[in-house]
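One-letter residues, chain by chain:
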Amino acid sequence: MLKVAVYGKGGIGKSTVTSNLAAAFATMGKRVIQIGCDPKADSTINLLGGEPLRPVMNYMREEDEEPDDLSQISKEGYGGILCIETGGPTPGLGCAGRGIIATFQLLEDMELFEHYKPDVVLYDVLGDVVCGGFAAPIREGYADKVLIVTSGEKMALYAANNISSAVRNFEDRSYARVFGIVLNHRNVENETEKVQAFSEKIGVPIVGEVPRSDEIIHWEEQGKTVIEGDPTSRISKCFFDLAALLWKEEEGA
C-alpha cells in the first residue's frame, strides 16, 4: 500500500495536486482513498462533482456520537476514489490538529484499510503549522512518503522548509520521508531558479512541476479534476508522470 502525505502552505494548491494525483492513480486502475486533513474540508470536492462532503468532525459534533458505518462519513467519487474529510472544530472553540488525530483513531477503530484494501492512500494536509495534529500522518506512521507542494513565493518556501524539518525530526523512527517537491508554478520572477536552489539546499529533488494554467480553474469550476476533464492534456500528463514515479518506487521498495 502506497501511503503519501501531501503538505504545503494554505492556498498553494495541495488539494489540486492531491485530487489530480488520486484521479491519476484511479485511472491507472488503482484502488484509492483520499483523506482531506484541513478544516476547510474542500480537498475532495473536485472528485465529487463539486459537491462538498460532510466532514467527520461535523458528523460527530452534530450527531453527538461517532458514526457506526463508513458510509456516514465517506463517499465514492471519480474512479471509485473513497473520499473522507476530517474537517475541524467550531471556529475559535477547538484545535483542528486534535480533530485530525480523533478522525484517524476513528478510522482505525472502523478498520478502514482492512475493509477497503486500498492500493493508494493520499492525505491532503495543511502545512502552515506543523503541530502534533497536522504532523499525525507522518508522526504516527500513517504515511510513508511526503510530497511538499510549493511555488517560488517566499511564504510558500518558508512553509516548505518547516515541513521538511518536521519530517526529518521523525526520520530516526522509521516514519515518513520526504519523497520530493512539487513545483506549482505561480509565475513568480525567477521561480524555477528559486525552487531549484531551495531543493538543493534541503537535499530534496523536484519530482513534479505543474505549469500555471487556466485549464485547472476551468475544470475546477465544473467540479472536476483536470484528469477527469481532459486526461490527454499537458497538465494531466504532469500528474500521470508523478503518479507513475511514486508507484514505480513503491513497487521497487
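Below: a short report on this structure. Keep in mind it's a predicted model, so treat the numbers as computed, not measured.

**Side note on the state of the cysteines**
Okay, step 1: Tallying each qualifying case throughout the model produces zero disulfides.
Okay, step 2: As a non-bridged cysteine, cysteine 83 has cysteine 37 as the owner of its nearest cysteine sulfur, 13 Å distant.

**Digging into the packing of helix α1 (residues 14-27) against helix α10 (residues 234-252)**
Okay, step 1: Where α1 contacts α10, the two axes come as close as 9 Å, and the packing angle between them is 70 degrees. The pairing of α1 with α10 is recorded here as roughly perpendicular in orientation. In this structure, α1 uses Thr16, Val17, Asn20, Leu21, Ala24, Phe25 and Thr27 to contact α10, whose residues at the interface are Phe239, Phe240, Leu242, Ala243, Leu246 and Trp247.
Okay, step 2: Classifying every residue of the contact of α1 with α10 by side-chain character gives 10 nonpolar, three polar and no charged.

**Some points on the packing of helix α2 (residues 56-63) against helix α3 (residues 96-109)**
Okay, step 1: At a minimum axis separation of 9 Å, α2 and α3 run at an interaxial angle of 85 degrees. Compared by their axis directions, α2 and α3 come out roughly perpendicular. Here Val56, Met57 and Met60 of α2 lie close against α3, whose contacting residues are Gly99, Thr103 and Leu106.
Okay, step 2: Residue classes in the contact of α2 with α3 are distributed as four nonpolar, two polar and no charged.

**A word on helix α7 (residues 191-202)**
Okay, step 1: The end-to-end C-alpha separation of α7 is 17 Å, in line with the 16 Å expected for 12 residues at 1.5 Å each.
Okay, step 2: Along α7, the residues classified as buried are Glu191, Val195, Phe198, Ser199 and Ile202. The buried residues of α7 occupy one face: seen down the axis, they fall within an arc of 105 degrees. Exposed side chains of α7 directed beyond 90 degrees from the buried face belong to Glu200 and Lys201.
Okay, step 3: In this fold, the buried residues of α7 make contact with β6 (145-150), α6 (154-168), β7 (177-184) and β8 (206-210).
Okay, step 4: A positive backbone phi angle near 70 degrees is found at glycine 203, which sits one or two residues after α7.

**A few points about the nonpolar core**
Okay, step 1: If you look at the biggest cluster of nonpolar residues, it comprises 45 residues, and the most contacted ones within it are Ile35, Phe104, Tyr123, Ile138 and Val146.
Okay, step 2: It is α3 that provides the largest number of residues to this core, a total of five residues.
Okay, step 3: Those residues within four positions of phenylalanine 104 in sequence are excluded, and the remaining contacts are Ile35, Cys37, Thr86, Tyr123, Ala136, Pro137 and Tyr142.
Okay, step 4: Counting residues in hydrophobic clusters, the runner-up holds 37 residues, among them Val6, Leu47, Val207 and Ile216.

**As for unusual backbone geometry**
Okay, step 1: Phi at aspartate 64 is positive, roughly 60 degrees, even though this residue is not glycine.
Okay, step 2: If you trace the backbone, aspartate 64 turns up in the loop between α2 and β3 (75-76).
Okay, step 3: Using a relative accessible area of 70% as the deciding quantity, one classes aspartate 64 as exposed.

**Quick notes on the pairing of strand β1 (residues 2-8)**
Side-chain positions along a regular strand alternate between the two faces of the sheet.
Okay, step 1: When you tally the buried positions in β1, you get seven out of seven residues, the bulk of the element.
Okay, step 2: Of the two faces of β1, both are covered, the one formed by Leu2, Val4, Val6 and Gly8 as well as the one formed by Lys3, Ala5 and Tyr7.
Okay, step 3: Pairing of β1 with strand β5 (residues 120-126) involves seven bridges; the strand directions are parallel. Opposite leucine 2, over in β5, you have valine 120 as the bridge partner.
Okay, step 4: Here β1 pairs with β6 via five bridges, running parallel. The partner of glycine 8 across the bridge, within β6, is valine 149.

**Concerning the pairing of strand β4 (residues 82-85)**
Okay, step 1: Where burial is concerned, the two faces of β4 agree: the one with Leu82 and Ile84 and the one with Cys83 and Glu85 are both buried.
Okay, step 2: Bridge count between strand β2 (residues 32-37) and β4: four bridges; the pairing is parallel. Among the inter-strand pairings, isoleucine 35 is bridged to a residue of β4, identified as isoleucine 84.
Okay, step 3: Here β3 pairs with β4 via two bridges, running antiparallel. Its bridge partner lying in β4, lysine 75 is registered against cysteine 83.
Okay, step 4: Hairpin remark: β3 followed by β4, antiparallel, with five residues in the connecting loop; positive phi at glycine 79, about 65 degrees.

**Describing the environment of glycine 80**
Okay, step 1: Considering the arrangement of structural elements, one finds glycine 80 in the loop between β3 and β4.
Okay, step 2: Accessibility expressed as a relative area gives 26% for glycine 80, which makes it partly exposed.
Okay, step 3: Each C-alpha atom, one on glycine 80 and one on proline 231, is 16 Å from the other, the two residues being 151 residues apart in sequence.

The rules behind these values
- Residues numbered from 1 in each chain as written.
- Predicted model: local features only at pLDDT ≥ 70, side-chain atom pairs only at ≥ 80, totals over all residues.
- Heavy atoms only, no water.
- Disulfide = S-S within 2.5 Å.
- Axes fitted to C-alpha atoms, helices over the stretch in contact; angles between N-to-C directions.
- Helix = DSSP H or I, 4+ residues; strand = E, 2+ residues; numbered from the N terminus.
- Parallel < 35°, antiparallel > 145°, perpendicular 65-115°, else oblique.
- Contact = heavy atoms within 4.5 Å.
- Nonpolar A, V, L, I, M, F, W, Y, C, P; charged D, E, K, R; others polar.
- Expected span 1.5 Å × (residues − 1).
- Buried < 20%, exposed > 50% of the residue type's maximum accessible area, 1.4 Å probe, protein only.
- Arc of directions from axis to C-beta.
- Core = buried A, V, L, I, M, F, W, Y, C linked by side-chain atoms within 4.5 Å.
- Pairing = 2+ DSSP bridges.

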